[in-house]
Amino acid sequence: MSAQPSRSIQFDDQGNLRHFLTIDALPAETLVQILDTAESFIDFGLREIRKMPLLRGKTVVNLFFEPSTRTRTTFEIAAKRLSADVINMSATRMSTTKGESILDTVRTLEAMHTDLFVVRDHASGTPHLIADHLPSHVRVINAGDGRHAHPTQAMLDMFTIRQKKDDFSRLRVAIVGDILHSRVARSQIHALSILGAREIRVIGPRTLIPTDIQSMGVNATTDMTDGLDDIDVIIMLRIQRERMDGQLIPSEQEFFNRYGLTEEKLRFARPDAIVMHPGPINRGLEIASSVADSSRSVILNQVTNGIAVRMSIMARIMGGSGR
Amino acid sequence: MYDKRAGMPTVDLTIRNGNLVDPANGINAVTDLHIGDGMIKAIGLPPSDHSPERIVDAENQYVFPGIVDLCTRLREPGEEYKATILSETRAACSGGITSMVCPPDTFPIIDTPAMAHMVQNRAQAAGFASVHPLGALTIGLRGEQLTDMATLADAGCIGVSNALVSVENSLLMRRAMQYASTYDIPVFLTPKDSWLQGNGVVHEGRISTRLGLPAIPEAAETVGVARDLALVETSGATAHIAMVSCRRSVDKIRAAQNRNIPVTASASINHLLCTEDNIGEFDAQYKVIPPLRTESDRQGLIAGIVDGHVAVICSDHQPHGADAKLAPFSEAAIGIAGIDTLLTLAYTLVRDGIIDLETVISAMTDNPARIAGLDCGKLNSGSPADLCIFDPDKPWQLNEQTMQSQGRNSPWYGTDLVGKVTMTLKRGEIVYET
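Residues numbered from 1 in each chain as written. Chains lettered and ligands numbered in written order. Predicted model: local features only at pLDDT ≥ 70, side-chain atom pairs only at ≥ 80, totals over all residues. Heavy atoms only, no water.

*Asks:* Which residues make up the overall build of chain A, and what values do they have?
*Replies:* Per the secondary structure count, chain A includes 11 helices and 9 strands. In terms of C-alpha radius of gyration, chain A reaches 20 Å, essentially the compact-globule figure of 20 Å for 323 residues. With respect to the principal axes defined by its C-alpha atoms, chain A has extents near 55 × 50 × 40 Å. Residues classed as buried in chain A amount to 57% of the 323 residues present. As displayed, chain A offers around 13800 Å² of accessible surface, 46% of which is attributable to carbon and sulfur atoms. (Helix = DSSP H or I, 4+ residues; strand = E, 2+ residues; numbered from the N terminus. Rg over C-alpha atoms; globule rule 2.2 N^0.38 Å. Buried < 20%, exposed > 50% of the residue type's maximum accessible area, 1.4 Å probe, protein only. Areas by Shrake-Rupley, 256 points an atom, 1.4 Å probe, with all protein chains shown as cover.)

Here is the structure:
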């Protein structure tokens, strides 16, 4: 007698995507459509009048329980280019039962006729919780939750990869560094796997690689020489210095020696391999300046693409929505 | 002191044609049971002086000894907004439970005789299931100073426990065991290494990796089990390891029992039925500590029940209000309200052919009674009539109307279930009837 099966709340009864919470278990077709639509938005930023009426009259609330400038800004620009009204809420909340609960905060804002919440929180699962307790016409986009997912970041990374390397099925991709704490890595792994990447490798010391990572369809290795062999795309993850208290890695120097991406280590990869990083980068910790600023680096392309991809995702889930 | 509620007199009655299952006495047969003056008077033929006021037809139903639940949280004192002794002892009876053991982690903590008396007296005044507290092992559960264990035992505590709070100081734990053993007080343990447990909320494995939730490795439990078994072996204590969650813990306990170390173990019904996979997309109804682990672990626990090395199935009842789980997974309340469903869910293991009926019933009646030192859990003539009648085919749904616990936190809330207690007797009183 098993209890209720888990269900995906990302889709409505007709199978339309109504929230963008995680890439896990999305159909490849959906991802490709999002990338294709983003493609059509990419030149849009270069026009003189950068407004589209798709979300005119809609209210978007950027609900950020965790500080962020870059991600929030790109969401704000994306929503404004689609003619939505945007409200930024940088709220702090206590991670206890004291104080106003997340759902009370969200219901209050919803009562003011919000159409879309863009949510970031330090706890894994918060956007799911919110999406599960809102009226069905309100949409939620996950802008990063705990260690769980950062699906819009992963989509802009896929977009950037597709710009440089057309066919995912031929690509070997390495994700390097702190996999354990990285919501970006988890979403990238799902996206790459759904889009049919030939191989996904994660590289890092065992303290930073989650157990059972193989269950997500990746190969784990601890060594950069082997790990970068024959690799087409290298994704360096940000090391959060505040997490490194001497128990996960002994020192920044030792980490950089082993895993920091230098020109020397870059030679282990394919000669046309590109280098990515979700930013903000720690120069001299996970990546050498000479690599970050080199022609192999597409880090700034990622930032630019972020707006078009987020526009595409907003347009997708708001399409056909309405009270 | 004994404040029996009005309208619940003991009735002399006969339960006819029920399938009596009494593992302690090796009975599994369709027969009659005769009750008078609150006592079981006879099984089979009625005694000559028996004149029942009521005859209960239990055809196609089971008659079990009243369930003895080794781990239930009643929330009183201290958290009466979640549940009370009255609400939960009454709810327990609707699930066939007639005796409940409660851990000492109430507010205030049960580390004084006064608290132990209070809990028992309130339960007695309520008149439903009896409550048998565990006294705190250390004052305030702080792991620093031993409680007056012998006094607590005199006050009715059936054992001592530090509840879910790990005693990090191994020397203190050893002394606690030595001291408890001086007075033959059983020590109830929930072994864990608090450093390895950290701020984890789910099993370290597939789900923690996919959902990015802080993880509790299996070693958080097995390191604790290994330490505590070593201390039990050398201290002379009798120990019960409450609610093991993984296969390797069962292996260690089995090996210890095979060396005649006086240790018993229990598993919660949640761990016998669910795994980490039930969490799906952050379903906080499945958030329990110790966490739900893998299918292999679940099978290991079932094997432990089958071979008897894990002797007890308990509910690990932890009632919360409806909104306690409405938070991000890592901040949602821990636990499942389980007294309404313990017997129904345990019976599914029988129906599915996983564990035989006698073993399941024994694991919820005479085994826990023996471990708690209680004279119940069996249907002996001359014993107080604590029993329940269970209809294995009765469909019902756990919902607002049927859930008797004040808690609303159950993964089975809103689902259709099969098998329901139809009547419960405590000391011969009908304390529940559909």
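More follows now that the structure is in view.
*Asks:* Residues and numbers for the domain arrangement of chain A, please.
*Replies:* Residues and elements named next belong to chain A. Domain boundaries in chain A define domain 1 (7-149 + 306-319) and domain 2 (151-303). Taken over C-alpha atoms, the centre of domain 1 sits 25 Å from the centre of domain 2. Domain 1 puts 35 residues into the contact, and the matching count from domain 2 is 24 residues. The interface formed by domain 1 and domain 2 includes 3 salt bridges. Between D36 and R162 there is a salt bridge, and its shortest N-O distance comes to 2.9 Å. In this structure, the connection of domain 1 to domain 2 is made through 9 residue pairs in polar contact (both at pLDDT 80 or more). For the side of domain 1 that touches domain 2, the elements supplying multiple residues, two or more each, are α1 (28-42), α2 (70-81), β3 (116-121), β4 (139-145) and α11 (299-318). Among the elements that line the side of domain 1 that touches domain 2, the one with the most residues is α1, at 9 residues. In the side of domain 1 that touches domain 2, the residues fall into 19 nonpolar, 6 polar and 10 charged. (Domains from an automatic or database assignment. Contact = heavy atoms within 4.5 Å. Salt bridge = Lys/Arg side-chain N within 4 Å of Asp/Glu carboxyl O. Polar contact = N/O pair within 3.5 Å; in protein donor to acceptor, adjacent residues only side chain to side chain. Nonpolar A, V, L, I, M, F, W, Y, C, P; charged D, E, K, R; others polar.)

*Asks:* Would you mind going over the interface of chain B and chain A in detail, with residue names and values included?
*Replies:* Interface size is often expressed as the accessible area that is lost when the parts come together. Taken together, the 30 residues of chain B in the interface contact 33 residues of chain A. Of the roughly 2400 Å² buried between chain B and chain A, counting both surfaces, carbon and sulfur atoms make up 56%. For the pair chain B and chain A, the number of links is 1 salt bridge. B:R210 is the partner of A:D24 in a salt bridge, and the nearest nitrogen-oxygen pair spans 2.5 Å. One can count 5 residue pairs in polar contact (both at pLDDT 80 or more) joining chain B with chain A. Secondary structure elements with two or more residues in the side of chain B that touches chain A: α6 (206-211), α11 (342-351) and β18 (416-426) of chain B. Per element, the largest residue contribution to the side of chain B that touches chain A is 5 residues, and it comes from α6(B). Within the side of chain B that touches chain A, the residues separate by chemical class into 14 nonpolar, 8 polar and 8 charged. (Buried area = accessible area lost by both parts, 1.4 Å probe.)

*Asks:* If you had to explain the sheet that holds strand β7 (residues 97-102) of chain B to someone new, which residues and values would you point to?
*Replies:* All names here are of chain B. Sheet architecture is open: 3 strands sit in the order β6-β7-β8, paired in parallel fashion. The open sheet has two free edges, formed respectively by β6 (67-69) and β8 (130-133), since each of these has just one partner strand. Each strand axis lies, on average, 15° off the axis of its neighbour in the sheet, ignoring direction. Where β7 and β8 come together, 4 bridges link them in parallel fashion. In the strand pairing of β8, C102 is matched with P133. Of the strands in this sheet, β7 and β8 are in contact with helix α1 (residues 85-94), which crosses β7 at around 135°. (Pairing = 2+ DSSP bridges. Axes fitted to C-alpha atoms, helices over the stretch in contact; angles between N-to-C directions.)

*Asks:* Just give me the short version of the domain arrangement of chain B, but keep the residues and values in it.
*Replies:* Residues and elements named next belong to chain B. Each domain of chain B was delimited in the assignment, giving domain 1 (4-63 + 384-392 + 416-433) and domain 2 (65-372). On a C-alpha basis, the centres of domain 1 and domain 2 stand 29 Å from each other. Facing 26 residues of domain 1, the contacting portion of domain 2 comprises 25 residues. Contact between domain 1 and domain 2 buries roughly 2000 Å² in total, counting both sides, with carbon and sulfur atoms accounting for 62%. Across the domain 1-domain 2 interface, the total number found is 10 residue pairs in polar contact (both at pLDDT 80 or more). Elements with a contribution of two residues or more to the side of domain 1 that touches domain 2: β1 (13-22), β5 (62-65), β17 (387-397), β18 and β19 (429-433). A per-element tally of the side of domain 1 that touches domain 2 places β18 first, with 8 residues. When its residues are assigned to classes, the side of domain 1 that touches domain 2 shows 16 nonpolar, 3 polar and 7 charged.

*Asks:* Give a detailed account of the confidence of the model for chain A, specifying residues and quantitative values.
*Replies:* For chain A, per-residue confidence averages 91 on the pLDDT scale, and residues scoring 70 or more make up 94% of the total. Every residue in residues 1-6 of chain A is under pLDDT 50, and counting partners more than four places away or in other chains gives 17 contacts. (pLDDT = per-residue confidence, 0-100.)

*Asks:* Hey, could you go over empty space enclosed by the protein for me, with residue numbers and the actual values?
*Replies:* Residues and elements named next belong to chain B. Scanning all chains against the criterion turns up 5 cavities of 30 Å³ or more. Computed from the structure, the largest cavity encloses a volume of approximately 140 Å³. Every residue lining the largest cavity is counted, 16 residues in all, and those nearest its centre are T190, P191, K192, E221 and P290. Reported here for the second largest cavity is a volume of approximately 110 Å³. Along the wall of the second largest cavity there are 15 residues; nearest its centre are V165, S166, V167, M173 and T190. Residue assignment for the lining of the second largest cavity shows that the elements contributing at least two residues are β11 (187-189) and α7 (219-235). Of the residues contributing to the lining of the second largest cavity, the split by class is 8 nonpolar, 4 polar and 3 charged. (1 Å grid on protein atoms, 1.4 Å probe; cavity = no way out; pocket = protein on both sides within 12 Å on 5 of 7 lines; lining within 4 Å. Points joined across faces, edges and corners; volume = space filled by probe spheres on them.)

*Asks:* Kindly report on the pairing of strand β2 (residues 85-90) of chain A, identifying the contributing residues and their values.
*Replies:* Moving residue by residue along a regular strand, the side chains alternate between the two faces of the sheet. Residue and element names in this part refer to chain A. In terms of strand pairing, strand β1 (residues 59-64) meets β2 through 6 bridges, oriented parallel. By the bridge assignment, L63 is partnered in β2 with M89. You can see the chain leave β1, run along α2 and come back into β2, and the turn it takes is right-handed. (Right-handed = clockwise from strand over helix to strand, strands pointing away.)

*Asks:* I'd like a description of the sheet that holds strand β6 (residues 199-203) of chain A, backed by residues and values.
*Replies:* Residue and element names in this part refer to chain A. What the 5 strands build is an open sheet, ordered β7-β6-β5-β8-β9; its pairing is parallel. Lying at the two open borders of the sheet, with one neighbouring strand each, are β7 (219-221) and β9 (274-276). Between one strand axis and the next, the sheet turns through 20° on average, direction left out of account. As paired strands, strand β5 (residues 172-176) and strand β8 (residues 233-236) are joined by 4 bridges and run parallel to one another.

*Asks:* A description of the packing of α7(B) against helix α8 (residues 247-258) of chain B should follow, citing residues and the corresponding values.
*Replies:* All names here are of chain B. At their nearest, the axes of α7 and α8 sit 9 Å apart, and the two run at 15° to each other. With respect to each other, α7 and α8 are oriented roughly parallel. As α7 packs across α8, the resulting crossing turns out to be right-handed. Note on element contacts: α8 touches α7 through R248, S249, K252, I253 and A256, opposite E221, T222, V225, A226 and L229. Here the contact of α7 with α8 is built from residues that sort into 5 nonpolar, 2 polar and 3 charged. (Parallel < 35°, antiparallel > 145°, perpendicular 65-115°, else oblique. Left-handed = near helix turned anticlockwise from the far one by under 90°.)

*Asks:* So what's going on with the packing of α1(A) against helix α5 (residues 151-164) of chain A? Residues and values would help.
*Replies:* All names here are of chain A. Relative orientation of the contacting elements α1 and α5 amounts to 70°, with a least axis distance of 10 Å. If you check the angle between α1 and α5, you find them roughly perpendicular. Facing L31, V32, I34, L35, D36, A38, E39 and I42 of α1, the residues of α5 in contact are M155, M158, F159 and R162. Tallied by class, the residues present in the contact of α1 with α5 amount to 9 nonpolar, no polar and 3 charged.

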